[in-house]
Amino acid sequence: GTLQYVNEMRTISVIFVQVIGVDVSTDTGAEKAQQLMDAIQRGCYPHEGFVNKFLVDDKGLLFLCIFGQPPLVHTDDATRAVLATFDMLSGVMALGLEARFGVATGRCFCGVVG
């Protein structure tokens, strides 16, 4: 039944956010990371996207936000992603952090893997 519409090629928009200068191994860094997550979510959710991944590595913090996944699919998901990026940028700047943003739109396999 439902796997027929779950596994498909879809057009989605993805925002990549890399933030440097936050050391999550300290108490203040962990608090700053929590404030950053809040800022990213506040920028993403009003445009009906969602935070798909949050990674911490030697290059900093990485957020991956997706637009165009069911049930929140719109014909203007690419525009929503760009608008969300500007909202996220405002939130990151308010925290006094440095970030890099990338937005990509294209076809992607979406579904059950494994």
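Here the structure is a predicted model, which is why all the values come from computation and not from measurement.

Peer 1: Where do I start with helix H3 (residues 77-94) in this structure?
Peer 2: Structurally, the α-helix is built with 3.6 residues per turn, so residues lying three or four positions apart point the same way. Over its 18 residues, H3 extends 26 Å from the first C-alpha to the last, a length consistent with the 26 Å expected when each residue adds 1.5 Å. Each element contacted by the buried residues of H3 is listed here: strand S1 (8-20), helix H2 (27-44), strand S3 (60-67) and strand S4 (98-110). One or two positions beyond H3, positive phi appears at Gly-96, with a value near 75°.

Peer 1: Please clarify how the packing of H2 against H3 should be interpreted in this entry.
Peer 2: Each pair of packed helices can be summarised by the angle the axes make with each other and by the distance between the axes. It is the contact of H2 with H3, at a shortest axis distance of 8 Å, that shows an interaxial angle of 155°. In terms of their interaxial angle, H2 and H3 are classed as roughly antiparallel. Taken as a pair, H2 and H3 cross one another with a handedness that is right-handed. Between H2 and H3, the contacting residues are Leu-36, Ala-39, Ile-40, Gly-43 and Cys-44 on the first element and Ala-84, Asp-87, Met-88, Gly-91 and Val-92 on the second. Per-class residue counts for the contact of H2 with H3 are 7 nonpolar, 2 polar and 1 charged.

Peer 1: Any chance you could explain the sheet that holds S3 here in plain terms?
Peer 2: Two orientations exist for strands paired in a sheet by backbone hydrogen bonds: parallel and antiparallel. If you trace the 4 strands from one edge of the open sheet to the other, you get S2-S3-S1-S4, paired in antiparallel fashion. Each edge of the sheet is formed by a strand with only one pairing partner; in this case those strands are strand S2 (50-57) and S4. Here the average twist between neighbouring strands, direction ignored, is 20°. Sheet topology places S1 next to S4; 13 bridges connect them, and they run antiparallel.

Peer 1: I'm lost on the pairing of S1 in this one. Help?
Peer 2: Within a regular strand, the side chains alternate between the two sheet faces. Of the strand pairs in this sheet, S1 and S3 are connected by 7 bridges, and their pairing is antiparallel. From the neighbouring strand, Val-17 faces S3, where its bridge partner is Phe-63.

Peer 1: How do you make sense of the nonpolar core when you look at a structure like this?
Peer 2: Across soluble globular proteins, nonpolar side chains have a tendency to be buried as a group. Of all hydrophobic cores here, the largest spans 19 residues; its most connected members are Ile-15, Val-19, Leu-36, Ile-40, Phe-63, Cys-65 and Met-88. Put simply, the parts of the chain that give this core at least two residues each are S1, H2, S3 and H3. Broken down by element, the residue count for this core peaks at 5 residues, all from H2. Those residues within four positions of Leu-36 in sequence are excluded, and the remaining contacts are Val-19, Leu-61, Phe-63, Val-92, Leu-95 and Leu-97. Counting residues in hydrophobic clusters, the runner-up holds 5 residues, among them Val-14, Leu-64, Ile-66 and Cys-110.

Conventions and cut-offs
Residues numbered from 1 in each chain as written. Predicted model: local features only at pLDDT ≥ 70, side-chain atom pairs only at ≥ 80, totals over all residues. Heavy atoms only, no water. Helix = DSSP H or I, 4+ residues; strand = E, 2+ residues; numbered from the N terminus. Expected span 1.5 Å × (residues − 1). Contact = heavy atoms within 4.5 Å. Axes fitted to C-alpha atoms, helices over the stretch in contact; angles between N-to-C directions. Parallel < 35°, antiparallel > 145°, perpendicular 65-115°, else oblique. Left-handed = near helix turned anticlockwise from the far one by under 90°. Nonpolar A, V, L, I, M, F, W, Y, C, P; charged D, E, K, R; others polar. Pairing = 2+ DSSP bridges. Core = buried A, V, L, I, M, F, W, Y, C linked by side-chain atoms within 4.5 Å. Buried < 20%, exposed > 50% of the residue type's maximum accessible area, 1.4 Å probe, protein only.

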